[in-house]
Amino acid sequence: AEFLRDQNVGNPYDWNDWGSKLYASWASHGKSEPVVMNSATVPVRDSLEAVREDSRLPVATRLWQNYPNPFNPSTTISFTLGKLSYVSIRIYNLAGQEVAMLVNGLKPSGNYSVHFDASSLPTGIYFCRLLADNRSQIKKMLFIK
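Residues numbered from 1 in each chain as written. Predicted model: local features only at pLDDT ≥ 70, side-chain atom pairs only at ≥ 80, totals over all residues. Heavy atoms only, no water.

(A) Here's a closer look at the environment of N69. Here N69 shows up in the loop between β1 (62-63) and β2 (74-81). Residues N69 and K140, 71 residues apart in the sequence, show an inter-C-alpha distance of 9.0 Å. Ignoring anything within four residues of it in the chain, the contact list for N69 reads K140, M141 and L142. Looking at N69, its side chain comes within polar contact range of the main-chain oxygen of K140, at 3.4 Å. (Helix = DSSP H or I, 4+ residues; strand = E, 2+ residues; numbered from the N terminus. Contact = heavy atoms within 4.5 Å. Polar contact = N/O pair within 3.5 Å; in protein donor to acceptor, adjacent residues only side chain to side chain.)

In structure tokens, the structure reads:
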């Protein structure tokens, strides 16, 4: 990172000052020990998003706990997909009956949130089931009127 910063000073083709920006990102996240690398060309997007850690795509599929929980009358359900997947998110009551389908289709890798409004349902315990990437994940939700 120091090499990139130092070698790009005054570079007329580096109009966005990427060497300094990459060095600043490296320094702010804790400098790593030097390593020996083979030379390579690395594509860099014209945006600071390229150096932010929070812009990384997820590597695993996961259903997160809804928020808020307990909820009244609505809640947010978040999930991440590690790869392109057919996704189904359905809500079930304690009797195992489906009461809502929130997502049903193909989605690319990424972070997602969906809104669930239970105002037409009775108070009780509900289950949110994510089917994606040939896996099933379930979270318990409590709806209190």
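(B) Summary view of the pattern of salt bridges. Scanning all chains against the criterion turns up 2 salt bridges. Residue D133 pairs with K83 through a salt bridge whose shortest N-O separation is 3.2 Å. Of the two residues, D133 is situated in the loop between β6 (124-132) and β7 (135-143) and K83 in the loop between β2 and β3 (85-93); the sequence distance between them amounts to 50 residues. Exposure remark for D133: the relative accessible area of 26% places this residue in the partly exposed category. (Salt bridge = Lys/Arg side-chain N within 4 Å of Asp/Glu carboxyl O. Buried < 20%, exposed > 50% of the residue type's maximum accessible area, 1.4 Å probe, protein only.)

(C) Structural context of the sheet that holds β2. A sheet is described by the order of its strands in space; here 3 strands give the open sequence β1-β2-β5, paired in antiparallel fashion. The sheet is open, and its two borders are formed by β1 and β5 (110-117), each paired with just one other strand. The pairing of β1 with β2 spans 2 bridges and is antiparallel. The residue bridging R62 from the neighbouring strand is T80, located in β2. (Pairing = 2+ DSSP bridges.)

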